[in-house]
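Chain by chain, the residues:
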Amino acid sequence: MTPREALDILFSFVGDEPVVHATGYLARTAQAVKHRPSNFYMIGSMGMASSIALGIAYAKPRRKVIALDGDGAVLMNLGALPTAGALGLPNFLHIVIDNESYESTGGQPSYSSAVKLERIAESSGYRHAARVSTPAALKKAVPLFLKRKGPSFLLVRVQNDPAPAAPRVADEPEVITRLFAESLR
């Protein structure tokens with residue numbers, strides 16, 4: 001399954017939940033799959049999607065908030081996992097698209113092939129942590145995952161997509177921020 005296929009499946013189940021997207025190809029692909037005001041696309045802040053999503057979940061306790069991360073971004077900010085676990089916010093959901101590489105910067109390998117990120121999440125205090133690697137497993141897992149009490153973690157193992165990358169995020173950061181803020185009201 002490619003990241004695009006994984007995001008197609010994921011967004012077929014996501015409703016109006018705010019989603020904070022990791023920077024790079026993941027944000028670009030998500031925009032191509034389902035561009036909407038309640039998507040916050042990180043631009044140039046690798047590793048911070050989960051921290052920002054966690055802050056939004058804290059500020060908006062009645063809204064489920066999804067962090068959509070890449071494996072390299074999680075590895076860059078591992079401190080966000082024990083923070084999420086310690087806060088124990090029931091409305092925080094964390095999804096990691098894991099291609100075992102820093103695809104946006106040239107495809108250098110990440111260490112997610114040697115480090116089980118879902119185990120780190122579990123040991124950090126996430127209530128639920130799981131891994132899927134097939135479209136069928138993802139289709140089965142996502143509806144249940146979106147109903148879970150957080151913090152919850154779902155790692156989606158994907159293969160790099162040989163197709164050209166999706167176009168860059170179209171809106172300027174100020175526009176993304178304004179639209180996202182309005183969607184939270």
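The following paragraphs examine the structure supplied in this document. (Residues numbered from 1 in each chain as written. Predicted model: local features only at pLDDT ≥ 70, side-chain atom pairs only at ≥ 80, totals over all residues. Heavy atoms only, no water.)

**Digging into helix α3 (residues 49-59)**
Here's step 1: Burial in α3 covers these residues: Ala49, Ser50, Ala53, Leu54, Ile56 and Ala57. Down the axis, α3 shows its buried residues gathered within 165° of arc, on one side only. Across from the buried face of α3, at angles greater than 90 degrees, the exposed residues are Tyr58 and Ala59.
Here's step 2: Of the surrounding elements, those touching the buried residues of α3 are β1 (19-21), β3 (65-70), α5 (80-87), β4 (92-98) and α8 (173-184). (Buried < 20%, exposed > 50% of the residue type's maximum accessible area, 1.4 Å probe, protein only. Helix = DSSP H or I, 4+ residues; strand = E, 2+ residues; numbered from the N terminus. Arc of directions from axis to C-beta. Contact = heavy atoms within 4.5 Å.)

**Considering the pairing of strand β7 (residues 128-132)**
Here's step 1: Note that β7 and strand β8 (residues 152-157) share 5 bridges and pair parallel. Bridge pairing links Ala130 to Leu154 in β8.
Here's step 2: Regarding the hand of the β-α-β motif, the stretch spanning β7, helix α7 (residues 135-147) and β8 is right-handed. (Pairing = 2+ DSSP bridges. Right-handed = clockwise from strand over helix to strand, strands pointing away.)

**Quick notes on the packing of helix α1 (residues 3-13) against α7**
Here's step 1: α7 packs onto α1 with a crossing angle of 30° between their chain directions and a minimal axis gap of 9 Å. Seen along the crossing, α1 lies across α7 with a hand that is right-handed. Along the contact surface, α1 presents Ala6, Ile9, Leu10 and Phe13, while α7 presents Pro135, Leu138, Lys139, Val142, Pro143 and Leu146. (Axes fitted to C-alpha atoms, helices over the stretch in contact; angles between N-to-C directions. Left-handed = near helix turned anticlockwise from the far one by under 90°.)

**Comments concerning the sheet that holds strand β2 (residues 39-41)**
Here's step 1: Reading across from one edge, β2-β1-β3-β4-β8-β7 is the order of the 6 strands in this open sheet, with parallel pairing throughout. Among the strands making up the open sheet, the edge pair consists of β2 and β7. The mean inter-strand angle of the sheet, taken between neighbouring strand axes irrespective of direction, is 15°.
Here's step 2: Strand contacts of α1: β1, β2, β3, β4 and β8, with the helix running at about 155° to β4, the strand carrying the most contacts.

**Regarding the pattern of salt bridges**
Here's step 1: Here the structure, examined in full by the defined rule, presents 4 salt bridges.
Here's step 2: Here Arg178 makes a salt bridge to Glu182, at a shortest N to O gap of 3.6 Å. With Arg178 and Glu182 both in helix α8 and 4 residues apart, the pair spans about one turn of that helix.
Here's step 3: Under the relative-accessibility criterion, Arg178 is labelled partly exposed at 44%.
Here's step 4: Accessibility expressed as a relative area gives 39% for Glu182, which makes it partly exposed. (Salt bridge = Lys/Arg side-chain N within 4 Å of Asp/Glu carboxyl O.)

Read these as geometric descriptors, not functional statements.
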